[in-house]
Amino acid sequence: MKQYIVFDMDGVLFDSEQLISRCWKEVGAKMGLPHIYETFLDCVGTTQKNTQAVFQRTYPGVSYDQFQKGCRAGFFGHVDAHGMPLKSGARALLHHLREANWGIGLASSTRRVLVQSQLEGVGLWHYFDQVVTGDQLERSKPAPDIYLMACRALGVAPEAAWAVEDSYNGIRSAAAAGMRPIMVPDLLPPTPELEPLLWGRFDSLLQLRDRLAKELD
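J.: Is there a simple way to explain the overall build of the protein in this structure?
T.: When helices and strands are counted, the protein shows nine helices and six strands. In terms of overall dimensions, the protein is globule-like: its C-alpha atoms have a radius of gyration of 17 Å, near the 17 Å expected for 217 residues. C-alpha atoms of the protein, sized along the principal axes, occupy 55 × 35 × 30 Å. In the protein, which comprises 217 residues, the share counted as buried stands at 49%. Relative to all contacts within the protein whose residues are 6 or more apart in sequence, the contacts with residues 24 or more apart total 62%. Working note: accessible area of the protein is about 10200 Å², and carbon and sulfur atoms make up 50% of it.

J.: It is not clear to me how the side chain of Gln68 should be interpreted in this structure. Could you clarify?
T.: Take Gln68: it is sitting in helix 4 (residues 64–82). Overall, Gln68 belongs to the buried group, its relative accessible area being 8%. With sequence-adjacent residues up to four places away left out, Gln68 is seen in contact with Trp24 and Gln48.

J.: Please explain the sheet that holds strand 1 (residues 4–7) as it appears in this structure.
T.: One open sheet accounts for six strands, arranged 3-2-1-4-5-6; its pairing is parallel. Where the open sheet ends on each side, the last strands, each with one partner, are strand 3 (130–133) and strand 6 (200–201). Docked against the sheet, helix 6 (residues 112–121) engages strand 2 (103–108) and strand 3, running at close to 135 degrees with respect to strand 3. This element, helix 9 (residues 205–215), spans strand 1, strand 4 (161–165) and strand 5 (180–183) of the sheet and lies at about 170 degrees to strand 4.

J.: Quick question: what am I supposed to make of the packing of helix 3 (residues 48–58) against helix 4 here?
T.: Each pair of packed helices can be summarised by the angle the axes make with each other and by the distance between the axes. Relative to each other, helix 3 and helix 4 sit at 120 degrees, their axes nearing to 10 Å. Judged by the angle between their axes, helix 3 and helix 4 are oblique. Read as a crossing pair, helix 3 and helix 4 show a hand that is right-handed. Of the residues in helix 4, those touching helix 3 at Gln48, Thr51, Gln52, Phe55 and Gln56 are Tyr64, Phe67 and Gln68. Residue classes in the contact of helix 3 with helix 4 are distributed as three nonpolar, five polar and no charged.

J.: Would you mind going over the packing of helix 1 (residues 17–31) against helix 2 (residues 36–43) with me for this structure?
T.: It is at 9 Å that the axes of helix 1 and helix 2 come closest, and there the two elements cross at 140 degrees. Taken together, the axis directions place helix 1 and helix 2 in an arrangement best described as oblique. Regarding helix 1 and helix 2, the two cross each other, and that crossing is right-handed. Here Glu17, Ile20, Ser21, Trp24, Lys25 and Gly28 of helix 1 come into contact with helix 2, specifically with Ile36, Tyr37, Thr39, Phe40 and Cys43.

J.: Even after reading the chapter, I still don't get the packing of aromatic side chains, so can you show me in this structure?
T.: In this description, an aromatic ring pair is defined by two values, namely the gap between the centres and the angle between the planes. This structure, assessed with the given rule, holds 10 aromatic pairs. Pairing Trp102 with Trp162 gives two aromatic rings, centres 5.3 Å apart and planes at 40 degrees, and the pair type is tilted. Highlighted residues: Trp102 in the loop between helix 5 (90–99) and strand 2 and Trp162 in strand 4, separated in sequence by 60 residues. The exposure classification of Trp102 matches that of Trp162, with both residues buried.

Cut-off values and rules
- Residues numbered from 1 in each chain as written.
- Predicted model: local features only at pLDDT ≥ 70, side-chain atom pairs only at ≥ 80, totals over all residues.
- Heavy atoms only, no water.
- Helix = DSSP H or I, 4+ residues; strand = E, 2+ residues; numbered from the N terminus.
- Rg over C-alpha atoms; globule rule 2.2 N^0.38 Å.
- Buried < 20%, exposed > 50% of the residue type's maximum accessible area, 1.4 Å probe, protein only.
- Contact = heavy atoms within 4.5 Å.
- Areas by Shrake-Rupley, 256 points an atom, 1.4 Å probe, with all protein chains shown as cover.
- Pairing = 2+ DSSP bridges.
- Axes fitted to C-alpha atoms, helices over the stretch in contact; angles between N-to-C directions.
- Parallel < 35°, antiparallel > 145°, perpendicular 65-115°, else oblique.
- Left-handed = near helix turned anticlockwise from the far one by under 90°.
- Nonpolar A, V, L, I, M, F, W, Y, C, P; charged D, E, K, R; others polar.
- Phe/Tyr/Trp six-rings, centres within 6.5 Å; stacked < 30°, edge-to-face > 60°.

Dropping the structure here:
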């Protein structure tokens, strides 16, 4: 029987959350914004629209556009110079799943134009049968909408598919959709609240590859 899996992108396939958090800290320090890292963590796994709402609620009167302009300059400056950093095992896992004829989806809160250009830039775009992005729906993670849409696009019932996430909002979204959430932690460790929602937790994508292979033996 064909198996299906849906991935988040940032923090799961790309080692980008560390870079983004560094940019937030640098720009936040220049602008004199307190507790900027804690604010960043509140925004992990959500859309740009929701991030802006959190930022403006936390720092009323501060220009979000100015802040993001500085963050984008730092982020894309690094990517242009060094390339988009991949998580260890990302390519190997996707290749294994493709060879095993899995249906593979992506559910990222990032805008589609960035998702496609970044995945194409590292040669991963072709692995995905369906891609759903944050600008295709109104409600962002932790609402289940993006995972429900990804499952519909793949033609699979949510309860028959896995979802791979690193963020709390992503795990909540996948669980609310009825999927089997898998956490590969990045910046955020699992919490007692999240543990009951998880089908599994793995320290790396290579560990996940080996576990999924065993699941189908």
